[in-house]
Amino acid sequence: MPETTPETTPESPAAPCSPEAVRQVACIGAGVIGGGWVAHYLARGYDVTAWDPAADAEPRLRRLVAAAWPALEQTGLAEGASQDRLTVAPTLAEAVAHADFVQESAPEKLELKRSLLAELAAATRPGVVIASSTSGYPMTDMQTEAAAPGRLVVGHPFNPPYLIPLVEVVGGERTDADAVAWASRFYGIAGKSVITMDRELPGFIANRLQEALWREALHMVANGEATVEDIDASITEGPGLRWAFMGPCLTFALAGGEGGMAHMLEHFGPSLKSPWTRLEAPELDRELRDAMVDGCEAAAGGRTYADLVAERDQGVIDVLRATGRLGVTTR
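The sections below set out a description of the structure shown in this document.

1. What to know about the overall build of the protein
Step number 1: A tally of helices and strands in the protein yields 13 helices and eight strands.
Step number 2: In summary, the protein has a C-alpha radius of gyration of 21 Å against a globular reference of 20 Å for 331 residues, a match within 12%.
Step number 3: The principal-axis extents of the C-alpha atoms in the protein amount to approximately 55 × 45 × 40 Å.
Step number 4: Burial status across the protein gives 44% buried among its 331 residues.
Step number 5: For the protein, the share of sequence-separated contacts (at least 6 apart) that also reach a separation of at least 24 residues comes to 71%.
Step number 6: For the protein, the accessible surface area stands at approximately 17,000 Å², while carbon and sulfur atoms represent 57% of it.
Step number 7: Looking at charge distribution, the protein has the averaged site of its 27 positive side-chain charges lying 2 Å from that of its 45 negative ones.

Printed below as a string of structure tokens:
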């Protein structure tokens, strides 16, 4: 079972249980992200109920969990962790009926998010915190139809959720502060590295940084300035090696030598006016789309999707192990 701690922790007075007492998690949506969450919670020793409207949802989800399990065994399973603790419910209401926490991972369509979160708020027990895996929508925009918006929060993961520690937690204008604190505490107990954001930001923190890099990559491909393989190698063989254990700000501070960030800004600050980046997204026309698709196929070099997933997972494990971060902390 998930570990508990004797310290006093924040919790919503209306919540059915404390974050430490959670035993059953409901995962609504069983695609790549939702299925990744299912694998994560199972590996942490929870009972998981899942629901997805797709006709082939259950066999697809069980294949995803089985594929992720070898990686999870390497990172360390919690006591009692088992794929057998997964139940795929026939209806949304049955999936959340006894849930202590709900993780929603539906497709990124605002109207769908609004109606689904409203349905979840009505179907769950009073006080149960419901988190959305949205990658960009502010909770303020998603909680407009819910009768109980105070317990709706964003819990934004990174793919695959069963390996990447980060989750960004933030509420909307109508979210109770206690619900945000409860969710942050729960994620920490469930083995995630938590950033609790002070305010809403479209795309949150990590996605905005990732998106800036992605847009510049698209520009370089569109202009014939670099290939897909060049771009990927420039990160995996360059700054990505530093970013795995030290973020861009501290990395740049080191570029200032003993003078730190102050000297770095004095020395390199003028280059910020140089036309090095183009943050406006390029037109995603057929030519650019084909260049990206063909480039990725070339970079894959005949490896299947399953091969690439296994390679990615092993790479993440190796980095986490090398940097001593298989155990994560809440901050």
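2. Some remarks on the sheet that holds strand 5 (residues 129–132)
Step number 1: Strand order in the open sheet formed by eight strands is 3-2-1-4-5-6-7-8, and the pairing between neighbours is mixed. Among the strands making up the open sheet, the edge pair consists of strand 3 (86–88) and strand 8 (193–196). Recorded for the sheet is a direction-independent mean angle of 25 degrees between the axes of neighbouring strands.
Step number 2: Inspection of the sheet shows strand 4 (residues 101–104) paired to strand 5 by four bridges, in the parallel sense. Of the residues in strand 5, the one forming a bridge with Q103 is A131.
Step number 3: Across the sheet, helix 4 (residues 110–123) touches strand 1 (24–28), strand 4, strand 5 and strand 6 (152–157), and the angle it forms with strand 4 is around 165 degrees.

Here is what the cut-offs are and how they apply
Sequence order as written defines the numbering, with residues in each chain counted from 1. Side-chain atom pairs in this predicted model are given and counted only at pLDDT of 80 or more, local residue features only at pLDDT of at least 70, and totals for whole chains, interfaces and linings cover all residues. Here the side-chain values reflect all heavy atoms present in the structure, with hydrogen atoms and water set aside. Under the DSSP-based scheme used, a helix requires at least four consecutive residues in state H or I and a strand at least two consecutive residues in state E, with every element numbered from the N terminus. Taken over C-alpha atoms, the radius of gyration is set against a globule rule of 2.2 Å times the number of residues to the power 0.38. Burial classification: accessible surface area is computed with a 1.4 Å probe over protein chains only, and a residue below 20% of its type maximum counts as buried, one above 50% as exposed, and the rest as partly exposed. Residues count as neighbours in contact if any of their non-hydrogen atoms are within 4.5 Å of one another. The method behind every accessible area is Shrake-Rupley, applied with a 1.4 Å probe, and residues are considered shielded solely by the protein chains displayed. For the purpose of charge, His is not counted, nor are the chain termini; Lys and Arg are scored as positive and Asp and Glu as negative. Charge positions come from single atoms, namely NZ of Lys, CZ of Arg, CG of Asp or CD of Glu. Any two strands with at least two DSSP-identified bridges between them are counted as paired. Note on geometry: axes are C-alpha line fits, over the in-contact stretch for helices, and angles between N-to-C directions span 0 to 180 degrees.

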